[in-house]
Amino acid sequence: MYYYIVNPAAGNRALDSIQDKLKATLHSLQIDGEFAKTLGQGDAAKITEKALARGAKTIVAVGGDNTVREIINTLHKNKETEVALGIIPLGKKNVLASHLGINSWKQACNVLAVRRISEYQFMRANRTRFIFSASFTPLQPPVEDSDETDSIKPITSTQASINIDNNALVKVEARELRIFNQKFLDTKLENQLVLQISNSIPKTSNLLGRVWDMFRSTNNAPAYSQLIAKKIEINFEQPVNLALDGKQKIGTHFELAASGKPIRLITARETDIKR
Amino acid sequence: MRNKSFEPHPDQTVIAQGIKIKGTLEAESDVWFDGLVEGDINSSGNITIANNAVVMGNLKGLNIMISGKVKGNINGGNKVLLQSGCQIEGNIKSSSLGVAEGAELNGMVNTDTGVPAKASGQ
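For the structure given in this document, a descriptive report is provided here. As the structure is a computational prediction, the values presented were derived from the model and not from experiment.

A look at the interface of chain A and chain B
- Across the contact, 33 residues belong to chain A and 30 residues belong to chain B.
- Where chain A packs against chain B, one counts zero salt bridges.
- The tally of links from chain A across to chain B stands at 10 residue pairs in polar contact (both at pLDDT 80 or more).
- Of all the secondary structure elements, the ones that give two or more residues to the side of chain A that touches chain B are β9 (168-181), α6 (182-185), β10 (193-199), α7 (207-216) and β11 (225-229) of chain A.
- Ranked by residues supplied to the side of chain A that touches chain B, first place goes to β9 of chain A with five residues.
- Its residues assigned to classes, the side of chain A that touches chain B comprises 18 nonpolar, 10 polar and five charged.

If you want it as structure tokens, here you go:
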């Protein structure tokens, strides 16, 4: 049985204009089921509890990342490893759906009908759980009400020391660090952390030096640096903003690793597990 | 001339210029390295040492291509390729070795075919 948890407010009430078409599409694909609408924050969690009590084996979030996050956290709280979670993206932010290769409600319906499932482990940053991504960016200095405001330059990078699996210490002047579960990038890969670093390459100051730098390189430069690890510890010289599945935190020291039992997500990507 | 940037594969380890590493870099897949490392690089896949790279440690991989500087021993399970402009100070062990004109090597070469031969100079 498919259990649809619908956030009617998601994406500026996107549901209003597609509701009839959505139900007709689900019916034609023979995956219609029970519908329950959320009225506010926390409702998706309560409805998930109800769906589990009714024995739902497939729960579908119809909404954005906040709806998805509430359902995932409830599944995790209930130690639920059998239920599959699908997503019909309607929100302003649909990061997880996008990671699963789902970009529209119509495509999502077909993905739900095919029901390819992949198991994703939760990640944690210090004590906070997340499922799809963590992103670190330098904090911008506060704009003070003084004559010296013009001289304050925004911080575009910060020094980071990164311990990889207790084997290697990486030092980098980082503009941005992103951490994903590797499996979101390729379902055939393991649940491991992928660290992507947008670093600041030291540049030669004079013009002649820059021209020489350009010509001496025979290799294509990577768009970013990337490391694979099971455990990552990061110390920043200055406080940074950490976005965990879109939620913000501030700090200088973070420990990240895979954590807990995996969750089953319905994906548009190729996968070994089906139905 | 402007270099095109490439997107690393999700399981590839890629270290760009400007990154410093202390310790052993272990990888289960390919490694592309253009930074500075004081330690070893071990990979079950291929290793590319790009031309800005400085490696102060040993390299162990399947196929190893070097354009940068390496001060340490190199063990390529399949093939080692020394590109023009590379500077190697250390011994090389591999069943196959390719050396381009302009590559610098100061060390012993063992291609598993007999007694190690001494190689020095350009």
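Structural notes on the packing of aromatic side chains
Residues and elements named next belong to chain A.
- For the structure on display, the rule yields seven aromatic pairs over all chains.
- Centroid distance Tyr-120 to Phe-184: 4.2 Å. Interplanar angle 10 degrees. Geometry classified as stacked. Here Tyr-120 is found in strand β5 (residues 117-125), whereas its partner Phe-184 is found in helix α6, with 64 residues between them in sequence. Across the pair, exposure class does not vary: Tyr-120 and Phe-184 are buried alike.
- Here the aromatic cluster, defined as three or more aromatic residues joined through ring pairs, consists of Tyr-2, Tyr-4 and Phe-35.
- Its guanidinium or amino end placed over the ring of Tyr-224, Arg-178 lies 5.6 Å from that ring's centre, counting from NZ or CZ.

As for the pattern of salt bridges
Residue and element names in this part refer to chain A.
- Here the structure, examined in full by the defined rule, presents five salt bridges over all chains.
- Among the ionic pairs, Asp-16 bridges to Arg-13, the shortest N-O distance being 3.1 Å. Of this pair, Asp-16 and Arg-13 both sit in helix α1 (residues 10-28), three residues apart, which is roughly one turn of that helix.
- Between Glu-176 and Arg-178 there is a salt bridge, with the nearest N and O atoms lying 3.2 Å from each other.

As for the pairing of strand β9 (residues 59-66) of chain B
Residues and elements named next belong to chain B.
- Sheet analysis places strand β6 (residues 41-43) next to β9, joined by two bridges and oriented parallel. Each bridged residue has a counterpart across the sheet, and for Asn-42 the counterpart in β9 is Lys-60.
- Relative to β9, strand β7 (residues 47-49) is paired through three bridges, and the arrangement is parallel. Paired with Ile-49 across the two strands is Ile-66, which belongs to β9.
- Direction of pairing for β9 relative to strand β11 (residues 74-82): parallel, over a ladder of seven bridges. Pairing of Ile-66 across the sheet is with Leu-82, part of β11.

What to know about unusual backbone geometry
All names here are of chain A.
- Unusually for a residue other than glycine, Gln-30 sits at a positive phi of about 60 degrees.
- Tracing the backbone shows Gln-30 in the loop between α1 and β2 (34-37).
- Even without a glycine there, the phi angle at Asn-126 is positive, about 55 degrees.
- Note that Asn-126 resides in the loop between β5 and β6 (128-130).

What counts, and at which threshold
- Residues numbered from 1 in each chain as written.
- Chains lettered and ligands numbered in written order.
- Predicted model: local features only at pLDDT ≥ 70, side-chain atom pairs only at ≥ 80, totals over all residues.
- Heavy atoms only, no water.
- Contact = heavy atoms within 4.5 Å.
- Salt bridge = Lys/Arg side-chain N within 4 Å of Asp/Glu carboxyl O.
- Polar contact = N/O pair within 3.5 Å; in protein donor to acceptor, adjacent residues only side chain to side chain.
- Helix = DSSP H or I, 4+ residues; strand = E, 2+ residues; numbered from the N terminus.
- Nonpolar A, V, L, I, M, F, W, Y, C, P; charged D, E, K, R; others polar.
- Phe/Tyr/Trp six-rings, centres within 6.5 Å; stacked < 30°, edge-to-face > 60°.
- Buried < 20%, exposed > 50% of the residue type's maximum accessible area, 1.4 Å probe, protein only.
- Lys NZ or Arg CZ within 6 Å of the ring centre and 35° of its normal.
- Pairing = 2+ DSSP bridges.

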